[in-house]
Each structure stands twice: as structure tokens, then as C-alpha cells.
Amino acid sequence: HRLYALWAFLAMTGCRRGEALALQWSDIDWDRRVVTIQRTQSGWGTKRVANPPKTPSGRRVVALSDYVLEVLGKHREEQNIEQGAAGSEWNDGGWVFTTRHGTWLAGGHVYDSFKRLSEQAGLPGTVRPHDLRHAMASYWLAKGIPVKVVSERLGHANIAITLEIYGHLLPNMQADAAEKMDALFFESEPKRAADGPQKLSKTSKHRGTIRGAGCE
């Protein structure tokens, strides 16, 4: 699909739709493998404008994976071909995601295209481009990425916002955390021989102490 690079960018970076549509090629640092989010598209029709993020944390540097860099590189090559085909009708605003004439993509058009493709793929018609952002954040948290890192990548004003939106995912991680604590403390505990008990190691002694302690 012509907008494949946009879908991949949204899904893999967690950026907002408006942030992606206001992205310029100069915002991408290919050597450092990062993109700077420093503006967002807002408004409708001919009144669309690019404004700075609402909060200082909204202006952020997002690391890009090999996959995203490859997709963006191919997208740039395809855009150069479209620019050559458009000739003098090309509007060179430096935008990454554009129409076939280099102009801004409308947020509504992006939403309709995504919804149509989602339905063709058998996904619910209620799926929105913004849900790609939620999916990335949920996956990262489920994999144990620190909340602060996820919050910074999403551009939230503070961690409290991240916890308010995704806090329901964290209790499900407590059991896994408890098992990891066991592994950390007791993974070296010696096994008892079949013909009698072995001398307890320091780890085993500590285990008895921990079990008997009235810790809070």
C-alpha cells in the first residue's frame, strides 16, 4: 500500500497521527538512527497547520529500529519517483508522508484509508490509527520495558498519565516479577542427595531466614 511506511512508522514508534503527518525529512537523523518529534498537524481542510507539541515532553527524540529505517528509506525512493512524475506540480514542503503531489496528507483521509484496509484484513471496523500507538505501548509494558521509557517514547507529560492509561496491564506482571525474584535469590540452591541431606549452602540458609522473617 502507498501508505505502508506511515502505518509502519505509527506502529513501531508509538507516535500520534498528527506527529507523523507533520514529520519532515530533516527531522530524521540517519546516522544516529533517531527521529525528532517537534511539531504536530492540527486543523481541517485548508486550515491545517503545524504547531509545536502541547507540552515540552511532546518534543522528543525517538529511536528507530533497523526495520523502520529500511521502510523509510524505501519510502523516500518512492517519493522521489512521484516527485519526478509530478514535475512542476510537486509541492516541495519536505514532508515525509504526502499526497502524490507533495502536499500534506489529511488526517481524515488517513483515518478512512486505515479503516478500509483494516476491514479488508478482517480486523474490527472500530480499529483506529491511534490504536497502533496503544498496541506498541501495551506490548512494551508486557515485555517488561520500564514505564518511564514507555512514557518518554509516547511523549506523555509525566508518568502518571502513562499509568492512568496503561496501569491495568501492570498487575498482570506481578506473578512474573515474583518468579524472577525467586530465581534471583534461590537459583543456586543445591539439591538434596537421595541418600541423605547435604550441608546447606548460604543460599539455603538465607532462604530459611527469608521465610521466617516478618517482612512487610
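Scroll up to find the structure.
The structure displayed is predicted, hence computed values, not measured ones. (Residues numbered from 1 in each chain as written. Predicted model: local features only at pLDDT ≥ 70, side-chain atom pairs only at ≥ 80, totals over all residues. Heavy atoms only, no water.)

Draft legend 1. A look at helix α3 (residues 66–86). Between its terminal C-alpha atoms α3 stretches 30 Å, which fits the 30 Å expected from 21 residues at 1.5 Å a residue. Those residues of α3 not exposed but buried are V68, L69, V71, L72, H75, Q79, E82 and A86. All buried residues of α3 project into a common sector of 155° when viewed along the axis, lining one side. In α3, the exposed positions angled more than 90 degrees off the buried face are occupied by D66, E77, I81 and G84. Along its buried surface, α3 packs onto α1 (4–13) and β1 (28–29). (Helix = DSSP H or I, 4+ residues; strand = E, 2+ residues; numbered from the N terminus. Expected span 1.5 Å × (residues − 1). Buried < 20%, exposed > 50% of the residue type's maximum accessible area, 1.4 Å probe, protein only. Arc of directions from axis to C-beta. Contact = heavy atoms within 4.5 Å.)

Draft legend 2. Examining the pattern of salt bridges more closely. Tallying each qualifying case throughout the model produces 10 salt bridges. Across the pair E19 and R16 runs a salt bridge whose closest N-O atoms are separated by 2.6 Å. On the accessibility criterion, E19 (3% relative accessible area) is buried. According to the relative accessible area criterion, R16 is partly exposed, its value standing at 27%. Notably, a salt bridge pairs E152 with K148, separated by 2.3 Å at the nearest N-O pair. Here K148 and E152 lie together in helix α6 (residues 147–154), a separation of four residues that amounts to about one turn. Taken together, the salt bridges that share partners define one network made up of R2, E82 and R100. (Salt bridge = Lys/Arg side-chain N within 4 Å of Asp/Glu carboxyl O.)

Draft legend 3. Geometry of the nonpolar core. If you look at the biggest cluster of nonpolar residues, it comprises 27 residues, and the most contacted ones within it are L6, F9, V35, L64, L72 and F97. Looking at this core, the elements that each hand over two or more residues are α1, α2 (17–21), β2 (34–37), α3 and α4 (107–120). If one sorts the elements of this core by residue count, α1 sits on top with six residues. Residues in contact with L6, not counting those within four places in the same chain, are A20, L21, F97, L105 and V110. One finds M136, A137, L141 and L154 within the second-largest nonpolar core, a separate group that totals seven residues. (Core = buried A, V, L, I, M, F, W, Y, C linked by side-chain atoms within 4.5 Å.)

Draft legend 4. The sheet that holds β1, seen in detail. Across the sheet, which stays open at both edges, the three strands sit in the order β1-β2-β5 with antiparallel pairing between neighbours. The sheet is open, and its two edges are formed by β1 and β5 (60–63), each paired on a single side. In this sheet, β2 lies alongside β1 in antiparallel orientation, the contact comprising two bridges. Paired with I28 across the strands is V35, a residue of β2. (Pairing = 2+ DSSP bridges.)

Draft legend 5. Inspection of the pairing of β2 at higher detail. Residues V34 and T36 point to one face of β2 and V35 and I37 to the other, with burial holding for every one of them. In the sheet, β2 pairs with β5 via four bridges, with the strands oriented antiparallel. Opposite V35, over in β5, you have V62 as the bridge partner.

Draft legend 6. Looking closely at the side chain of T13. Within the fold, T13 resides in helix α1. Polar side-chain contacts of T13 include one of 3.3 Å to the backbone nitrogen of C15. (Polar contact = N/O pair within 3.5 Å; in protein donor to acceptor, adjacent residues only side chain to side chain.)

Draft legend 7. How the structure looks around the packing of aromatic side chains. Going through the model one piece at a time under the given rule, you end up with four aromatic pairs. Summarising the aromatic geometry, the rings of F9 and F97 are spaced 5.9 Å apart at their centres and angled 55° between planes, so their arrangement reads as tilted. Within this pair, whereas F9 is found in helix α1, its partner F97 is found in the loop between α3 and α4, the two being separated by 88 residues in sequence. Of the two residues examined, F9 and F97, each falls in the buried class. (Phe/Tyr/Trp six-rings, centres within 6.5 Å; stacked < 30°, edge-to-face > 60°.)

Draft legend 8. Layout of unusual backbone geometry. Phi is positive for R33, close to 65°, though the residue is something other than glycine. Classification of R33 by relative accessible area gives partly exposed; the value is 34%.

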